[in-house]
Amino acid sequence: MRPVRQNYKNRAKGMGLRPGRAGLRGGVASRGAVAVLALAALVSGCSDGEGVRPAPGQQVLKAPQARALYSYAAKLRLAQARRAAAAKRWGLARTPLTAPPAPARKPVIRARDGFEVDEQEELDLPPVFTTIPTKNKVVFLTIDDGEEKDPKFLRMMSDLKIPYTAFLSNYLVKDDYPYFRKMRDRGVTLNNHTLHHLYLPGLSYAEQRHEICGMQSVMKKQFGKRPTVFRPPYGNYNQDTLRAAKSCGIKYAPIWDEEVFVDHWEYREDDQDLHPGDIVLTHFRGRNDWKGAMPDMVRRFMKKVTDEGYAVARLEDYL
């Protein structure tokens, strides 16, 4: 059975347990800016003179509507000011950009070309993909395994309101489930990364199913929910992997297009750059494996993302 392996770069250089399209620059439009502009237009368009009529088709806002708009703009300004203060407090050079609202209509997710397995469509198997189809300048941060449990990382991400998705392996998280419950309670989605982080294509179907379904049971017991999203360890899989995952309730199997470490980035694409909708991988690691801590990794990640005009969005909002 043909395995699909991820062969770009050294997959886990410096990771301890692991073996080893460019858009226009510019920011994501802030809803706060839009609201403030709308408010400014409203105020500048008002007059104390009598007999001034609105342009044809223009809606005249009554006092309650104007107050509601002003209140909304004020709340957005306050939220942005708090985020800017948090960015400064955590050592970010620039305030993170705000992601656009979740799409009302979810994009259709298909397996990336060349990442399909035999009978991918016929068996309706979970797609493996590296990028979400979107024109928004957003990327998605995903963090694997669960070895490092840094409380500063939790505080930093909550203060900055940066969304991310966790993929957990039980053998690394079982010594501190409460840490990841705190993460869940702060709005982070916890997903399946198998029980023991094994090379799945080297296992039988039954063994792969045990690794995936067994982790589903752990997720339900410890965190209250069986996820529908799964990442195969090392990004390696075959048809049995996706068949087993489907039988365990999995609908999606995202991997990644870039990986960020504390001191460098690695890229799947030849252009060595970010693209709208890219999924970025990193790991729960600290000074035992990196030349720094997880907050240092976040600073490197946010510098590139923000400098290139991208916001960080929630992966689950697009699935």
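Before reading further, recall that the structure is shown in the block above.
My aim in this report is to walk through the structure given alongside it, one point at a time.

Criteria and thresholds
Residues numbered from 1 in each chain as written. Predicted model: local features only at pLDDT ≥ 70, side-chain atom pairs only at ≥ 80, totals over all residues. Heavy atoms only, no water. Axes fitted to C-alpha atoms, helices over the stretch in contact; angles between N-to-C directions. Helix = DSSP H or I, 4+ residues; strand = E, 2+ residues; numbered from the N terminus. Contact = heavy atoms within 4.5 Å. Nonpolar A, V, L, I, M, F, W, Y, C, P; charged D, E, K, R; others polar. Salt bridge = Lys/Arg side-chain N within 4 Å of Asp/Glu carboxyl O. Buried < 20%, exposed > 50% of the residue type's maximum accessible area, 1.4 Å probe, protein only. Core = buried A, V, L, I, M, F, W, Y, C linked by side-chain atoms within 4.5 Å.

At a minimum axis distance of 8 Å, the contact between helix H3 (residues 151-160) and helix H8 (residues 294-307) shows a crossing angle of 35°. Listed contacts from H8 to Lys152, Phe153, Met156 and Met157 of H3 are Met294, Pro295, Val298 and Arg299. Considering only residue class, the contact of H3 with H8 consists of six nonpolar, no polar and two charged.

Time to look at the pattern of salt bridges. Taken as a whole and assessed by the stated rule, the structure comprises 19 salt bridges. Residue arginine 231 pairs with aspartate 144 through a salt bridge whose shortest N-O separation is 2.8 Å. Taken together, the residues arginine 231 in the loop between helix H6 (205-223) and helix H7 (239-247) and aspartate 144 in strand S2 (residues 138-145) connect sequence positions 87 residues apart. Across the salt bridge formed by lysine 303 and aspartate 307, the nearest N and O atoms sit 2.9 Å from each other. Taken together, the residues span about one helical turn, with lysine 303 and aspartate 307 both in helix H8 at a distance of four residues. Classification of aspartate 307 by relative accessible area gives partly exposed; the value is 25%.

Okay, the nonpolar core next. Within the largest apolar cluster, 45 residues are counted, with the highest numbers of intra-cluster contacts made by Phe153, Leu168, Met183 and Phe301. Elements with a contribution of two residues or more to this core: helix H2 (63-89), S2, H3, strand S3 (165-168), helix H5 (177-185), H6, strand S7 (265-267) and H8. No other element matches the six residues that H8 contributes to this core. Leaving out residues up to four positions away in the same chain, phenylalanine 153 has contacts with Ile143, Tyr164, Tyr179, Met183, Phe284, Met294, Pro295 and Val298.

Purely spatial values, then, with no claim about function.
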